[in-house]
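Residue strings, one per chain:
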Amino acid sequence: MEPIRKEELDDQACGSMAPKSKPCPRPKPGEAAGGCSFDGAQITLLPIMDAAHLVHGPVACAGNSWESRGSLSSGPSLSQYGFATDLGNNDIIFGGEKKLRDSIDYIAGRFTPPAIFVYSTCVTALIGEDMDAVCKEASDRLGIPIVPVNSPGFVGSKNLGNRLAGDALLQYVIGTGEPEQETPLGVNLIGEYNIAGEMWDIEKLMNQAGITLLSRITGDARYKEITWAHRAKANMVVCSRALLGLAKQMESKYGIPYFEGSFYGAKETTYSLRQMAFLLNDREMERRVDRLTEREENRLAHDLRPYRKILKGKKAVLYTGGVKSWSVISALKELGIQVVGVGTNKSSDEDVQRIADRVGDDTEYIPEGGASRIIKTVRERKADIMIAGGRNMYVAMKEQIPFVDINQERHKAYAGYEGLLRLAKELVDSMVNPIWKLASSPAPWDKEGSYDR
Amino acid sequence: MSKERIDIPDYSTLFTEERYVQQRENKKQFEAPCSDEAKAEALAYSKSAEYLEKNFERKAVVINPHKACQPLGSVMAALGFEKTLPFVHGSQGCNSYFRSHLSRHFKEPTPAVSSSMTEDAAVFGGMSNMIDGLQNAVALYKPEMVAVCTTCMAEVIGDDLSAFIGNARQKGAIAEDFPVTFANTPSFIGSHITGYDAMIKNILSQLFDRSGQTAAPGTGEEGEKLNVLLGFEPYTGNFAEIRKILNAFDTKYTILGDHSGNYDSPANGEYEYYYGGTKLADVPKAANALGSLVLQKYTLKKTQEYISGTWKQPISSLSTPLGVKATDKLLEAISQLTGLPVPESLKEERGRVVDAYTDSHPYLHGKRVALAGDPDLLLGLIGFCLEVGIEPVHILCSNGDVEFDGKKWKEEVEALLATSPYGSEATVYVGKDLWHLRSLLINDPVDLAIGSSHVKFAAKDAGVPLVRVGFPIFDRHHMHRNPIIGYQGALNLLTLIVNIVLEQLDNNPSGLVDLVR
Ligand code: SF4
């Protein structure tokens, strides 16, 4: 394994303004911290749906992570398979390279995937497997790309893993193919993983405006389309924390301009579409986008009316990472919701700046994790709802706090104009459900004065 | 608000709309390198008998694993003790997987921390991570005990837990008398059940050793009590059921490793971090109990060795008691260990379940099923199938490596199958994955598959309904709250299975509707 230059990577993983920006916070021992780099690399690459994803390590790294993502596929399902080399005690001692080679051969022969991604894990990195060499040899022999992803869990956080996956794409995939026909108005989306089908809503909007989505990096992607990503006229970075480095390197290597944007909330969506049109530098397109966004915004405003009546003045605590930490604030503000607390645990300096631009002075920043800390904010600020990831959901339920899941396990798509409507509905549904009344009122026999004690 | 409500479909229906379908069709052009025909051909081949053989010759790669790793089992074991914080020594990712894995099954939060080892730890060892980690964790989460388990990373670099914990005490990171137990649980050996066993055994032995007590079974106040161990138990309802049974006997008992509190706590407005669990002080006392009742003997291999060896207690070892006969055996075992007669209430309950069996048997008779799961669960399920006339055909055990007593287990399964003509069709597979199961389901079709949520894809490909039993069950709610052991559990299992069969009948394409059943 190539040595990983940790400090440098940390900087880049964290956001754009390196070296000024502070490095990713180091995970603190003894806390319930988040996922590992292996996890992060998988999140980024698994949505390449037609590729095979082979975990080189003990079966558990695959067994534990398998089937836990909400990225939807519109066709191929090979990425859903849990492939693992299943290293055992003996392999730890004598090495697992043969097992890896045989596994690659088997997958190539049996499933004929367009490519195989091979992930290192803590174990394979520590015992010093030369994964790159095995992959290269197999790739030459089999005639399909075999991409090593050197992102073992211990090198750092999930974000760093996203970034290492981006490196693998840059090094082995992007620039190795050509699109069938020229697409003068092609844009890549980077860091959009099609959770609950969000990519499809975005794609529909882009199509309506006449913008071609050239490569999906990587929500509902096909391997082939990523090989020609270098032919795009512009890149949009949807999840800035994760793959900004990829966009920057594409800019310097291929001269593709990029911008960071989001599709949460009508304003952000409109801005993103306009920005695409701007970078494509096509006047007619700009006009089309203006017409489209105006029409969509009007329609949304009309559809949202009944929800806004209920949501106006409600208070929310938001606890999520990266891009969502600030972009969802915009969406909530458009619904009339006040964000009284926001997590900044996984946010870069730029994220925090963006948060600050969007919230009032009295919003509480929650720098460190732990469910109890979030709950405390909800209580103190008298919030009506908590918006966070699935792992915090069950604590919220214990505390009888209405909850909306915003992370990867959810089944609702919140991007774009229609997505905002869906988010509004979800928020309302969660808050008005009769169970909250039932949960917070005492049982009849505990009611004061209802019977003599 | 209902008048104003707008219908907003979620993805399950939304993306079947024409415009989305079209959008997806357009994407086909990227799906090279193979044509639709080639794809269809490959799919057909993967379903052929020829491939079945090839598939079973496969050595190199695991496709769709159905086991979790040792530390995950250890985390569950630790949560069975009062105010005990599971502490995973290794890089942070594993811990995050364990927490979400367990939480998705139980729909409850999982308190567990990690020592978050990084690259420097890989070079210099994880000692400082351990020391800082223990100090931070105790300050933050205020446990009364910490239970440390390792991931493969710590094992590969050879971290010495005992020395590290000792150093943490010396440095004052934790108090001298603060209990920290630990177990070595590399993920490249064994599975979740081995890890569960290792941690339970170590908690018992470490708490016992600390107490300075000597074991004297059947003496003193504790001498009338029974120790009960359920094992890696994904059903919180099973804890309630075993309590009900023991209470009916009117015997005193200690459940060693009771995570049902942590995984079935009430939503009363305040989350507390630790719920229930075996009292730490009860563990050394358990050495004086009159005997131990073990409900997952293959899971609790080392623990049993310890209890019979060091505590010198008589042990009744069973596998998950599913169905009437297995419950009968359970009651006999309790009766034998305690000297108490089987209570009337349970006898009556048994009669009711037998009645339910007779009601349902026409729909179950001769149904062919495939079973996948942990060893003790499988023994229980096979017993249940045989007593209601269901024929197990493919039996796939989630465990397989050297740590697991595969040969002994297989012999016991085969002996059990041999007791009934309904068992004659069965083949037992140890250490195979769910891609093997898929081949079996397609080539030698069955009526039902019984197993965890992970079996879903294989079952879908083969067009077989899946009865969700075992661990993990992600995609259904509250299955784990209903017991499957004891007479009540037999009734629940029966209900679950027979109603899926009946539903199949309703879905019969003949279109005939009958209301008689
Ligand atoms: S931390 Fe290491 S061993 Fe754990 S899941 Fe991640 S890669 Fe695997």
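No experiment lies behind these values; they were computed from the predicted model shown.

The rules behind the values
Residues numbered from 1 in each chain as written. Chains lettered and ligands numbered in written order. Predicted model: local features only at pLDDT ≥ 70, side-chain atom pairs only at ≥ 80, totals over all residues. Heavy atoms only, no water. Helix = DSSP H or I, 4+ residues; strand = E, 2+ residues; numbered from the N terminus. Rg over C-alpha atoms; globule rule 2.2 N^0.38 Å. Buried < 20%, exposed > 50% of the residue type's maximum accessible area, 1.4 Å probe, protein only. Contact = heavy atoms within 4.5 Å. Salt bridge = Lys/Arg side-chain N within 4 Å of Asp/Glu carboxyl O. Polar contact = N/O pair within 3.5 Å; in protein donor to acceptor, adjacent residues only side chain to side chain. Nonpolar A, V, L, I, M, F, W, Y, C, P; charged D, E, K, R; others polar. Pairing = 2+ DSSP bridges. Domains from an automatic or database assignment. Buried area = accessible area lost by both parts, 1.4 Å probe. Near = heavy atom within 4 Å. Axes fitted to C-alpha atoms, helices over the stretch in contact; angles between N-to-C directions. Parallel < 35°, antiparallel > 145°, perpendicular 65-115°, else oblique. Left-handed = near helix turned anticlockwise from the far one by under 90°. Core = buried A, V, L, I, M, F, W, Y, C linked by side-chain atoms within 4.5 Å. pLDDT = per-residue confidence, 0-100. Expected span 1.5 Å × (residues − 1). UniProt positions renumbered as here; feature names shortened; annotations may be inferred. Patch = residues over 30% accessible without salt bridge, like charges linked within 9 Å, V, L, I, M, F, W, Y side chains within 5 Å. Areas by Shrake-Rupley, 256 points an atom, 1.4 Å probe, with all protein chains shown as cover. Lys, Arg positive; Asp, Glu negative; His and termini not counted. Charge placed at Lys NZ, Arg CZ, Asp CG, Glu CD.

Caption draft 1: Broad picture of the overall build of chain B. Each helix and strand in chain B was counted, giving 21 helices and 14 strands. The C-alpha atoms of chain B give 25 Å as radius of gyration, which agrees with the globular expectation for 517 residues (24 Å, within 12%). Judged by the C-alpha coordinates and their principal axes, chain B covers about 70 × 60 × 60 Å. Among the 517 residues that make up chain B, the fraction classed as buried is 60%.

Caption draft 2: The interface of chain B and chain A, seen in detail. The partner chain A presents 98 residues to the 89 residues of chain B that form the contact. Run the count over chain B and chain A and you get one salt bridge. A salt bridge links Glu108(B) to Lys398(A); its shortest N-O distance comes to 2.6 Å. The interface formed by chain B and chain A includes 14 residue pairs in polar contact (both at pLDDT 80 or more). In terms of residue count, the dominant contributor to the side of chain B that touches chain A is helix α6 (residues 92-106) of chain B (10 residues). Looking at the side of chain B that touches chain A residue by residue, the class counts come to 47 nonpolar, 24 polar and 18 charged. Bridge count between strand β2 (residues 83-84) of chain A and strand β1 (residues 62-63) of chain B: two bridges; the pairing is antiparallel. Within β1(B), the residue paired with Phe83(A) across the bridge is Ile63(B).

Caption draft 3: Broad picture of the domain arrangement of chain B. Residues and elements named next belong to chain B. The domain boundaries assigned to chain B delineate domain 1 (70-211), domain 2 (221-338) and domain 3 (345-507). The C-alpha-based centres of domain 2 and domain 3 are spaced at 24 Å. Of the roughly 2800 Å² buried at the junction of domain 2 and domain 3 (both faces included), carbon and sulfur atoms supply 60%. On the domain 2 side of the contact with domain 3, Tyr235, Tyr298 and Leu322 bury the most area, a combined 29% of that side's loss. A salt bridge links Arg350 to Asp328, with the shortest nitrogen-to-oxygen separation between them at 2.6 Å. Going through the elements one at a time, α12 (236-249), α14 (301-309) and α15 (323-338) are the ones with two or more residues in the side of domain 2 that touches domain 3. Sort the elements by how many residues they give to the side of domain 2 that touches domain 3 and α12 lands first, with nine residues. Split by residue class, the side of domain 2 that touches domain 3 holds 15 nonpolar, nine polar and eight charged.

Caption draft 4: Highlighting the site of the ligand. Lining the immediate surroundings of the ligand are Cys36(A), Phe38(A), Cys61(A), Thr121(A), Cys122(A), Gly153(A), Ser91(B), Gly93(B), Cys94(B), Tyr97(B) and Cys152(B). This site is not confined to one chain, since residues near the ligand come from chains A and B. When residues in the shell around the ligand are grouped by element, the largest group, three residues, is from α6(B). The residue inventory of the shell around the ligand, partitioned by class, reads seven nonpolar, four polar and no charged.

Caption draft 5: Just the pairing of strand β10 (residues 338-343) of chain A, in detail. All names here are of chain A. For β10, the tally of buried residues reaches five of six residues, placing the bulk of the element in the interior. Here four bridges tie strand β9 (residues 315-319) to β10, and the two strands are oriented parallel to one another. Within β10, the position partnered with Lys315 by the bridge is Gln338. By the bridge criterion, three bridges tie β10 to strand β11 (residues 364-366) in an arrangement that is parallel. When the sheet's bridge partners are listed, Val342 is paired in β11 with Tyr365.

Caption draft 6: Layout of the packing of helix α16 (residues 344-364) of chain B against helix α21 (residues 486-506) of chain B. Residue and element names in this part refer to chain B. Relative orientation of the contacting elements α16 and α21 amounts to 15°, with a least axis distance of 10 Å. Compared by their axis directions, α16 and α21 come out roughly parallel. Classified by chirality, the crossing of α21 by α16 is left-handed. Two secondary-structure elements touch here, α16 through Leu346, Glu349, Arg350, Val353, Ala356, Tyr357, Ser360, Tyr363 and Leu364 and α21 through Tyr487, Gln488, Ala490, Leu491, Leu494, Ile497, Val498, Val501, Leu502 and Leu505. Residues belonging to the contact of α16 with α21 are distributed by class as follows: 15 nonpolar, two polar and two charged.

Caption draft 7: Up close: the pattern of salt bridges. All names here are of chain A. Per the stated rule, a full pass over the model turns up 50 salt bridges over all chains. With a shortest N-O distance of 2.9 Å, Lys425 and Asp429 are connected by a salt bridge. Here the residue Lys425 and the residue Asp429 both occupy positions in helix α18 (residues 416-432), the gap between them amounting to four residues, near one helical turn. What emerges from the salt-bridge pattern is a single network uniting Arg101, Asp105, Glu137 and Arg141.

Caption draft 8: Molecular detail of the nonpolar core. By size, the foremost hydrophobic cluster in this structure holds 86 residues, and its most contacted members are Ile48(A), Phe117(A), Leu169(A), Leu204(B) and Trp311(B). The contacts of Trp311(B), once residues within four sequence positions are left out, are Leu204(B), Phe208(B), Ala215(B), Pro217(B), Asn227(B), Leu256(B), Val283(B), Ala286(B), Ala287(B) and Tyr306(B). Ranked by size, the runner-up nonpolar core spans 62 residues in total, among them Leu322(B), Val324(B), Leu330(B) and Ile382(B).

Caption draft 9: View of the sheet that holds strand β14 (residues 466-468) of chain B. Residue and element names in this part refer to chain B. Pairing is parallel in the open sheet, where five strands are placed in the order β12-β11-β10-β13-β14. If you trace the sheet from one side to the other, it starts and ends with β12 (427-430) and β14, each paired once. Neighbour-to-neighbour, the strand axes of this sheet turn through a mean angle of 20°, independent of strand direction. Pairing of strand β11 (residues 391-397) with β12 involves four bridges; the strand directions are parallel. Looking at β12, one finds that His394 is bridged to Thr427. Strand contacts of helix α18 (residues 406-418): β11 and β12, with the helix running at about 165° to β12, the strand carrying the most contacts.

Caption draft 10: Focus on the side chain of Ser316(B). Residue and element names in this part refer to chain B. Tracing the backbone shows Ser316 in strand β9 (residues 315-317). The exposure class of Ser316 is buried, given its relative accessible area of 14%. For Ser316, the contacting residues outside a window of four places in its chain are Ser292, Leu293, Val294, Ala333 and Leu337.

Caption draft 11: Layout of the confidence of the model for chain B. In the predicted model, chain B carries a mean pLDDT of 91, and 93% of its residues have values of at least 70. What the predictor reports for the complex is a pTM of 0.88 with an ipTM of 0.83.

Caption draft 12: Summary view of helix α9 (residues 198-209) of chain A. Residues and elements named next belong to chain A. The end-to-end C-alpha distance of α9, which contains 12 residues, comes to 17 Å, matching closely the 16 Å that a straight helix rising 1.5 Å per residue would cover. Counting buried positions over the 12 residues of α9 gives 10, a clear majority of the element. When α9 is considered as a whole, its buried residues turn out to be Glu198, Met199, Trp200, Asp201, Ile202, Glu203, Lys204, Leu205, Met206 and Ala209.

Caption draft 13: Inspection of the side chain of Gln70(B) at higher detail. Assignment of secondary structure puts Gln70(B) in helix α5 (residues 70-78). A distance of 3.1 Å separates the side chain of Gln70(B) from the backbone oxygen of Ile189(B), its partner in a polar contact.

Caption draft 14: Representation of the UniProt feature "domain: Nitrogenase/oxidoreductase component" (unreviewed entry) in chain B in the model. In this numbering, the UniProt entry assigns the feature "domain: Nitrogenase/oxidoreductase component" (unreviewed entry) to residues 69-501 of chain B. Structurally, residues 69-501 of chain B is divided into 47% helix and 13% strand, and its ends, taken at the C-alpha atoms, are 34 Å apart.

Caption draft 15: Spotlight on a positive patch on the surface. The grouping of Lys267(A), Arg308(A), Lys312(A) and Lys333(A) at the surface amounts to a positive patch. Relative to the helices and strands, Lys267(A) is located in helix α12 (residues 266-280).

Caption draft 16: Examining the sheet that holds strand β6 (residues 212-218) of chain A more closely. Residue and element names in this part refer to chain A. Taken together, four strands build an open sheet; the order of strands is β6-β5-β7-β8 and the sheet is parallel. In this open sheet, the two strands that pair with only one neighbour each are β6 and β8 (258-260). Put simply, the sheet's adjacent strands are angled 20° from each other on average, direction ignored. Relative to strand β7 (residues 234-237), strand β5 (residues 186-192) runs parallel, the two sharing four bridges. Across the sheet, Asn188 pairs through a bridge with Asn235, a residue of β7.

Caption draft 17: Representation of the packing of α9(A) against helix α13 (residues 283-311) of chain A. Residues and elements named next belong to chain A. α13 packs onto α9 with a crossing angle of 130° between their chain directions and a minimal axis gap of 9 Å. Classed by the angle they form, the pair α9 and α13 counts as oblique. Listed contacts from α13 to Leu205, Gln208 and Ala209 of α9 are Met285, Arg288, Val289, Leu292, Arg295 and Glu296. Residues of the contact of α9 with α13, tallied by class, amount to five nonpolar, one polar and three charged.

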